[in-house]
Amino acid sequence: MKILLLGSGGREHALAWKIAASPLVTKLWCAPGNAGIAREAECVGIDIADHPAVIAFCQREKVDLVVVGPETPLAAGIVDDLSRAGIKAFGPSKQAARLEGSKGFTKALCTEFNIPTGAYGRFDKAADALAYVRRHGAPIVVKADGLAAGKGVVVAMTPAKAEAAVAMMFEGAFGVAGAEVVIEEYLEGREISFFALCDGETAIALASAQDHKRVFDHDQGPNTGGMGAYSPTPFVTPAIHDQIMADIILPTVAGMKARGTPFRGVLYAGVMLTAAGPKLFEYNVRFGDPECQVLMLRMMSDVVPAMLASCDGELKHFDLRWFDEPALTVVMAAKGYPGDYAKGTRIEGLEAAAQIEGVEIFQAGTIAKNGALLANGGRVLNVCASGKTVVEARQRAYAAIDRIKWPEGFCRRDIGWQAVEQEQAQK
Ligand code: AMP
Ligand code: GLY
């Protein structure tokens, strides 16, 4: 099979690594890719926002399957356009991608199909949104309706912060994404990521993970795209796993089908484990980054047949095997991220780092120039490791990081802390 992967982050490097390992694959391209992906796939400089160019490439090279990594092309309808051209593509249609592209859409689906989530209001006028905030007080969560590159959510601990967030969004801080605003009940509890593979009719659970959204240790500082993750999380017990599937994932798949917009691809639920049970606070319609990196390390089965079964509506009898060993990933980012940061700084020592047992390094914002590896983005490297325990995986990942020479980079030193606390408490 010939496969074209779209994207250029650490998530796509992990996907390329896993897809390239499939005996079914004879050729793998990635557009646009990065310096790490280039070791697994042939990188091609197509602009993935240019759907006719992607289609022309697929037709010329007789691509059998397109795998879409990020949400932007999904929301732009790349899967619909490829399908219309007779090209199989893994991921949701434009309508189904609304689960990530519109917070209000997802909240309305939850109400219609009785999916547990926080109470909310939906507003297209600042005055109404402000009145809602004044009525409900804080803490409260203010969300731009549309895609805002992970920045459209303000968890306001005071009414003044909530009011400022409402004003900022209606003043156009996120462009059209903030023309409508969702204000949501603040959910108290542990936050986990839950992944399921869907084929429009049914869903099978992939695995659970925990991301670390804040930029600094002890969950301090601004939100980021994610500074590290591990899988599985001990907080998703078998009972909670079954509850998330029965109460959240399966009703969503059934609801989307009933509405005539079946969901295919990866459904990524952001779930808060509250005292009143698991509650959905957001959907994404693709693998998480960096959660994908640990999921691919833990997946024993070939990922390609699973993706094909998702496209073809054949997941019902499908089974995926996983390694029991936990995996953990630490993101190395350029100093200044998620704010301004420098590009073009030199990274050394990756080969020595990768020699540590259980370690795999995926690259995100990197570029190769004259034989050197340079940072080319905010999140730059994902240093991953497996181990018998989260503690061991974490030791290995940080040992690898200590061999990497990149003075202009930084990372959190406490990835996995919640699971580590739990492992230590059980000793
Ligand atoms: P997002 O940018 O959509 O991933 O959301 C950013 C973060 O906001 C999430 O990772 C949660 O930690 C937090 N969040 C979103 N909704 C809620 C909520 N209803 N209650 C508490 N925290 C929330
Ligand atoms: N890790 C968070 C995300 O992929 O949205």
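Right above here is the structure, for reference.
Please read these numbers as outputs of a predicted model, since none were measured by experiment. (Residues numbered from 1 in each chain as written. Chains lettered and ligands numbered in written order. Predicted model: local features only at pLDDT ≥ 70, side-chain atom pairs only at ≥ 80, totals over all residues. Heavy atoms only, no water.)

Taken as a whole, this structure holds 23 salt bridges when the rule is applied. E184 is paired through a salt bridge with K107; the nearest N and O atoms lie 2.3 Å apart. With a gap of 77 residues between them, E184 in strand β9 (residues 181–185) and K107 in helix α6 (residues 103–112) connect regions that are remote in the sequence. Relative accessible area serves as the criterion here: at 3%, E184 is assigned to the buried category. Looking at K107, the relative accessible area reads 4%, which means it is buried. (Salt bridge = Lys/Arg side-chain N within 4 Å of Asp/Glu carboxyl O. Helix = DSSP H or I, 4+ residues; strand = E, 2+ residues; numbered from the N terminus. Buried < 20%, exposed > 50% of the residue type's maximum accessible area, 1.4 Å probe, protein only.)

A separate point is the packing of helix α1 (residues 10–20) against helix α11 (residues 303–312). The geometry of a pair of packed helices is captured by two quantities: the angle between their axes and the separation between those axes. As a packed pair, α1 and α11 sit with axes 8 Å apart at the nearest point and diverge in direction by 105°. The angle between the axes of α1 and α11 places the two elements in the roughly perpendicular class. Two secondary-structure elements touch here, α1 through L15, K18 and I19 and α11 through V303, V304 and M307. Broken down by class, the residue content of the contact of α1 with α11 amounts to five nonpolar, no polar and one charged. (Axes fitted to C-alpha atoms, helices over the stretch in contact; angles between N-to-C directions. Parallel < 35°, antiparallel > 145°, perpendicular 65-115°, else oblique. Contact = heavy atoms within 4.5 Å. Nonpolar A, V, L, I, M, F, W, Y, C, P; charged D, E, K, R; others polar.)

A few words now on unusual backbone geometry. In this chain, A138 is followed by P139 through a cis amide linkage whose omega measures -5°. Across the junction of S231 and P232, the peptide omega takes the value -5°, indicating a cis bond. Assignment of secondary structure puts P232 in the loop between β14 (228–231) and α9 (238–258). Located in the positive-phi region is N114, a residue other than glycine, with phi close to 60°. Its place among the elements puts N114 in the loop between α6 and β6 (120–123).

This part is about the nonpolar core. Formed by 79 residues in total, the largest nonpolar core has its most connected members in L4, V66, L82, L99, I249, I347 and I404. Looking at this core, the element that brings in the most residues is α9, giving seven residues. Setting aside anything within four residues of it in sequence, one finds L99 in contact with F105, T106, L109, T252, M256, F263, L267, Y283 and V285. Core analysis: the next-biggest nonpolar cluster, separate from the first, contains 43 residues, L15, I37, L297 and F362 among them. (Core = buried A, V, L, I, M, F, W, Y, C linked by side-chain atoms within 4.5 Å.)

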